[in-house]
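# Report on the structure
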Protein chains: 2
Amino acid sequence: MEKFISLAHGDGGELSHRLIRDVFINAFGDGNEAMFDAASVIISNSKIAVTTDSFVIKPIFFPGGSIGKLAVAGTVNDLAVSGAKPVYLTCGFIIEEGFPVADLRQIVLDMANEARKTGVVIVAGDTKVVERGSADGVYINTTGIGVYQPNMGCSLEFEEGDAIIVSGTIGDHGIAVLTARGELGITVPINSDCASLNTMLDEVLQHSKGVRIMRDPTRGGLATTLVEIAEDFNITMKINEIDVPVKGEVHGVCDLLGFDPLYLANEGKAIIVVAENERNKVIDILREFPEGENAVVIGTIIGKEKGQLLLETPLGSKRILNRLSGTMFPRIC
Amino acid sequence: MEKFISLAHGDGGELSHRLIRDVFINAFGDGNEAMFDAASVIISNSKIAVTTDSFVIKPIFFPGGSIGKLAVAGTVNDLAVSGAKPVYLTCGFIIEEGFPVADLRQIVLDMANEARKTGVVIVAGDTKVVERGSADGVYINTTGIGVYQPNMGCSLEFEEGDAIIVSGTIGDHGIAVLTARGELGITVPINSDCASLNTMLDEVLQHSKGVRIMRDPTRGGLATTLVEIAEDFNITMKINEIDVPVKGEVHGVCDLLGFDPLYLANEGKAIIVVAENERNKVIDILREFPEGENAVVIGTIIGKEKGQLLLETPLGSKRILNRLSGTMFPRIC
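Residues numbered from 1 in each chain as written. Chains lettered and ligands numbered in written order. Predicted model: local features only at pLDDT ≥ 70, side-chain atom pairs only at ≥ 80, totals over all residues. Heavy atoms only, no water.

### Describing the UniProt feature "domain: PurM-like C-terminal" (unreviewed entry) in chain A
To keep it simple, the criterion reads: UniProt positions are given in the numbering used here, feature names are shortened, and annotations may be inferred rather than shown by experiment. Under the scheme used here, helices are H or I runs from DSSP no shorter than 4 residues and strands are E runs no shorter than 2 residues, and both carry numbers assigned from the N terminus.
In the numbering used here, UniProt assigns the feature "domain: PurM-like C-terminal" (unreviewed entry) to residues 159-309 of chain A. The straight-line gap between the two end C-alpha atoms of residues 159-309 of chain A is 15 Å; of that span, 34% is helix and 19% is strand.

### Quick notes on the UniProt feature "domain: PurM-like N-terminal" (unreviewed entry) in chain A
The feature "domain: PurM-like N-terminal" (unreviewed entry), as annotated in UniProt, sits at residues 37-147 of chain A in this numbering. Counted over residues 37-147 of chain A, helix gives 30% and strand 47%. Its end C-alpha atoms are 15 Å apart.

### A closer look at the interface of chain B and chain A
For clarity, the cut-off: By definition, residues are in contact when any of their heavy atoms lie within 4.5 Å. Each of two parts loses accessible area, computed with a 1.4 Å probe, when they are put together; buried area is these two losses added. Within this document, salt bridges are pairs made up of a side-chain nitrogen of Lys or Arg and a carboxyl oxygen of Asp or Glu, the two lying within 4 Å of each other. Definition of a polar contact: a pair of N or O atoms within 3.5 Å, with one able to donate and the other able to accept a hydrogen when the atoms are protein atoms, and with sequence-neighbouring residues admitted only if both atoms are side-chain atoms. For this scheme, ten residues count as nonpolar: Ala, Val, Leu, Ile, Met, Phe, Trp, Tyr, Cys and Pro. Four count as charged, namely Asp, Glu, Lys and Arg, and the remainder, Gly too, count as polar.
Taken together, the contact between chain B and chain A spans 76 residues of the former and 76 residues of the latter. Taken together, both faces of the contact between chain B and chain A bury some 6600 Å²; the carbon and sulfur share is 68%. Along the contact surface separating chain B from chain A lie six salt bridges. Seen at the junction of chain B and chain A, the total is 27 residue pairs in polar contact (both at pLDDT 80 or more). Only helix H1 (14-27), strand S1 (39-43), strand S2 (46-55), strand S5 (84-96), helix H3 (101-118), strand S6 (121-130) and strand S7 (138-148) of chain B provide two or more residues apiece to the side of chain B that touches chain A. No other element matches the nine residues that S6 of chain B contributes to the side of chain B that touches chain A. Split into classes, the residues belonging to the side of chain B that touches chain A amount to 43 nonpolar, 17 polar and 16 charged.

### Concerning the sheet that holds strand S11 (residues 271-274) of chain A
Residues and elements named next belong to chain A. Using the following cut-off: Whether two strands pair depends on DSSP finding at least two bridges between them. What counts as an axis is a line fitted to C-alpha atoms, over the stretch in contact for a helix, and the angles between N-to-C directions run from 0 to 180 degrees.
An order of S9-S11-S8-S12-S10-S13-S14 is seen for the seven strands of this open sheet, with the pairing classed as mixed. Looking at strand neighbours, the two that pair on one side only are strand S9 (211-215) and strand S14 (318-321), the edges of this open sheet. Between one strand axis and the next, the sheet turns through 25 degrees on average, direction left out of account. Sheet topology places strand S10 (residues 236-240) next to strand S13 (residues 308-312); five bridges connect them, and they run parallel. Of the residues in S13, the one forming a bridge with Thr-236 is Gln-308. Against the sheet, helix H6 (residues 221-233) engages strand S8 (163-166), S9, S10, S11, strand S12 (296-303), S13 and S14, with an angle of about 135 degrees to S9.

### Structural notes on the pairing of S13 of chain A
Residue and element names in this part refer to chain A. Spelled out, the test is: Exposure classes here rest on a 1.4 Å probe applied to the protein chains alone. A residue is buried below 20% of its type maximum, exposed above 50%, and partly exposed in between.
The element S13 is largely enclosed, with a buried count of four among its five residues. Of the pairings in the sheet, the one linking S13 to S14 comprises four bridges and is antiparallel in character. In the sheet register, Leu-309 faces S14, and the bridge partner there is Leu-321. Hairpin geometry of S13 and S14 is characterised by an intervening segment of five residues between the two adjacent antiparallel strands and by a positive phi of about 95 degrees at Gly-316.

### A closer look at the relation of the copies chain B and chain A
One copy of the chain maps onto the other through a rotation about an axis followed by a shift along the same axis. Going by this rule: Superposition of the copies was done by least squares, using only C-alpha atoms of residues whose pLDDT is at least 70 in both.
Overlaying chain B with chain A gives an RMSD of 0.0 Å, the required rotation being 180 degrees about an axis along which the chain moves by 0.0 Å. What the rotation and shift describe, once combined, is the action of a two-fold rotation axis. In terms of C-alpha distance to the rotation axis, chain B has Ala-135 of chain B as its closest residue, with the C-alpha 2.3 Å off the axis.

### Thoughts on the side chain of Asp-172 of chain B
Residue and element names in this part refer to chain B. By the element assignment, Asp-172 lies in helix H4 (residues 172-180). Residue class for Asp-172 comes out buried when judged on its relative accessible area of 2%. Apart from residues lying up to four places away in sequence, Asp-172 is in contact with Ile-190, Asn-191, Ser-192, Asp-193, Lys-247, Val-250, Asn-266 and Lys-269.

### Here's the deal with a nonpolar patch on the surface
Inclusion rule: A patch consists of residues whose relative accessible area exceeds 30% and which take part in no salt bridge; residues with like charges are grouped when within 9 Å of each other, and nonpolar side chains (Val, Leu, Ile, Met, Phe, Trp, Tyr) when within 5 Å. In short, Shrake-Rupley with a 1.4 Å probe defines the accessible areas, and a residue's cover is counted only from the protein chains shown.
The grouping of Leu-184, Leu-256 and Leu-257 of chain A at the surface amounts to a nonpolar patch, some 260 Å² of accessible area in total. When you line up the elements, Leu-184 of chain A lands in the loop between helix H4 (172-180) and helix H5 (198-207).

### Focus: the packing of aromatic side chains
So the rule is basically this: Side-chain rings of Phe, Tyr and Trp (the six-membered ring for Trp) are treated as a pair once their centres are within 6.5 Å; stacked means planes under 30 degrees apart, edge-to-face means over 60, and tilted covers the remaining angles.
The full count for this structure, using the stated rule, is six aromatic pairs over all chains. Measuring from ring centre to ring centre gives 4.8 Å for Phe-24 of chain A and Phe-93 of chain B, while their planes differ by 75 degrees; the resulting arrangement is edge-to-face. A residue pair is termed interchain when its members come from two chains, as with Phe-24 of chain A in helix H1 (residues 14-27) and Phe-93 of chain B in strand S5. Given a relative accessible area of 0%, Phe-24 of chain A falls into the buried group.

### Some thoughts on a negative patch on the surface
The line we're drawing: None of His or the chain ends enter the tally, which takes Lys and Arg as positive and Asp and Glu as negative. For charged residues, the charge sits on one atom: NZ in Lys, CZ in Arg, CG in Asp, CD in Glu.
A surface patch of negative charge is lined by Glu-157, Glu-159, Glu-160 and Glu-305 of chain A. With respect to the helices, strands and loops of the structure, Glu-157 of chain A is situated in the loop between strand S7 (138-148) and S8.

### A few points about the domain arrangement of chain A
You'll often see interface size given as the accessible area lost when the parts meet. Residue and element names in this part refer to chain A. Using the following cut-off: Each domain span listed reflects an automatic or database assignment of domains.
Taken domain by domain, chain A holds domain 1 (37-148) and domain 2 (163-321). Each of domain 1 and domain 2 has a C-alpha centre, and the two are 23 Å apart. Taken together, the contact between domain 1 and domain 2 spans 20 residues of the former and 20 residues of the latter. Across the domain 1 to domain 2 interface the summed buried area is about 1700 Å²; carbon plus sulfur atoms make up 59%. The interface formed by domain 1 and domain 2 includes zero salt bridges. Joining domain 1 to domain 2, the criterion identifies seven residue pairs in polar contact (both at pLDDT 80 or more). Put simply, the parts of the chain that give the side of domain 1 that touches domain 2 at least two residues each are helix H2 (67-81) and helix H3 (101-118). Looking at the side of domain 1 that touches domain 2 element by element, the count peaks at nine residues for H2. For the side of domain 1 that touches domain 2, a count of residues per class yields ten nonpolar, five polar and five charged.

### Remarks on the pairing of S5 of chain B
On a regular strand, one side chain projects to one face of the sheet and the next to the other, so that they alternate. Residue and element names in this part refer to chain B. We count it as follows: For crossovers, right-handed means that the path from the first strand over the helix to the second runs clockwise, given strands pointing away from the viewer.
Taken across its 13 residues, S5 has twelve buried, putting it largely inside the fold. Of the pairings in the sheet, the one linking S5 to S7 comprises eleven bridges and is antiparallel in character. Looking at the pairing, Pro-86 lines up with Gly-146 of S7. Two strands pair when backbone bridges link them, and S5 and S6 are joined in this way by nine bridges, in the parallel orientation. Counterpart to Phe-93 in the pairing with S6 is Thr-127. Once the chain exits S5 it traverses H3 before rejoining the sheet at S6, and the crossover so formed is right-handed.

### Some remarks on the sheet that holds S6 of chain B
Sheet strands associate in pairs through backbone hydrogen bonding, adopting either a parallel or an antiparallel arrangement. Residues and elements named next belong to chain B. If you walk across this open sheet you meet the five strands as S1-S2-S7-S5-S6, and the pairing is mixed. The strands lining the two open edges of the sheet, one partner per strand, are S1 and S6. Across the sheet, the axes of successive neighbouring strands diverge by a mean angle of 25 degrees, strand direction being ignored. Bridge count between S2 and S7: eight bridges; the pairing is antiparallel. Across the sheet, the residue bridging to Ala-49 is Gly-146, located in S7.

Have a look at this one:
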């Protein structure tokens, strides 16, 4: 383990993984790495889901959303992909001295609107203020509580031939946020995909018993999230590069600047692994929603021996994909 | 409402009160100000308590504790004073680039130890890293979930003659943290009172049916917390200055620098309002614990018409106390 925290420890890739494993999981004893997604706990004999996330995105207002909308949607999605119905949210604000109250009002309004839309209730809050220069505007933590519904959920059991679905184009959030910072010197008409997916994913679980797992590919992008699934469940996944949906503008910026869309952050996309015979049904359900209109199958489970993610290129060659390693960009969520 | 956030908006006094009321409560609709303490929610037909708190204390290691110990004890206490048994905790870290990993390990260890001591399980976590200069070392959010126990709790109904108890000396945390910063140019042998009170308060509730309310006088201190109770329940409370326990060293620093101990932060103290005929029993229970060995009655409820806190001075004169107004000190929790 390194001696000092670097930005790469926060980008959701290999170093984040090691930081969590080496510093947190050991100390918290009973914990396992799954605690860094939604955790299942028992309370008064009911199984509930709990998740926490801090939002430090820069800029706080970006095309397609704000830190407020993101702080609700991000935590709602963590619960939704775990198969739980999001019910309650808490919010903790760390505000920099001098922050405009008008901006704070807008952020809080965005949170309230997104909460209303998704049906979650914000039940507890906290505000702290730090001196000028001790934060960058505002940071928000949201913690979510969800309930699992009877006879609904993800089996977490995989078969060869299972389909890997992504609910839409990838990389929109990463590119929207990066270009909104103005540092790259380019402007692209791309909105963040920031959206709450709970209604859509609930519909999938209501109508399909074949869902193996759902995940939201945020920090670290599609590739890192798939590698995590592959390693956690010791399955070999193969995705076809040509099938992965990427907007032309996102491709353009990536080509220009040397980014890989597979590692760009998303804030309104789900990965769904589903039994082969249910794939079309799930795709149809997803496409009924605006958030899922570009849903497609991008790959399959091809083995159950090795925890590995393979990418098949348009030329037919295959290569192993790893977690994001090294800083791609900080402060994207 | 002001146009920009100032440090005083974060000190737990009058401006914090207005910020929460004007910006948050309105937007979150169903919310009320109680959401900024532990909230009661129903999940799968069970009533549970939820609370959230961000910790931005400076310095992160201080005499008697660290931000890690505080982040557990603070949230455990929020649940405990609401009458709930703390069960689960989440933790969200915002870490500044360059932060020493050894310090992070120590903080995480302090959290793990305090969690073990109090019997709560840390079930979910998150880490974010921000650039050098965009945070001050590390900030931690903890969100706590607790369960209410059958036939145990606070009545929230008050009678004239009810006793106001404080579980020990006040102001220790504020003075310990302030002097630890080294800015005041004085050193005082005072430790923070930072401690989890759940076991002690559980014992009180187990054995007394006369408890009206319990609160932890953190930011804003004893006076602000009592004013909040008085206003929320429209009761007149009177405390006797001479009965309020304050350590000699704390008095000394206050006299030297013009602070009022009644407004200094505490992180291991509880205020308990209890029926007159139960006061001695509750005091006896508190004194069985090291955290409660200096528990005393400091005042009484003297009326039910006006939400007001009165201080009776040693000379017998009375004055109205208000919430803390203006910055006392930021970053004390």
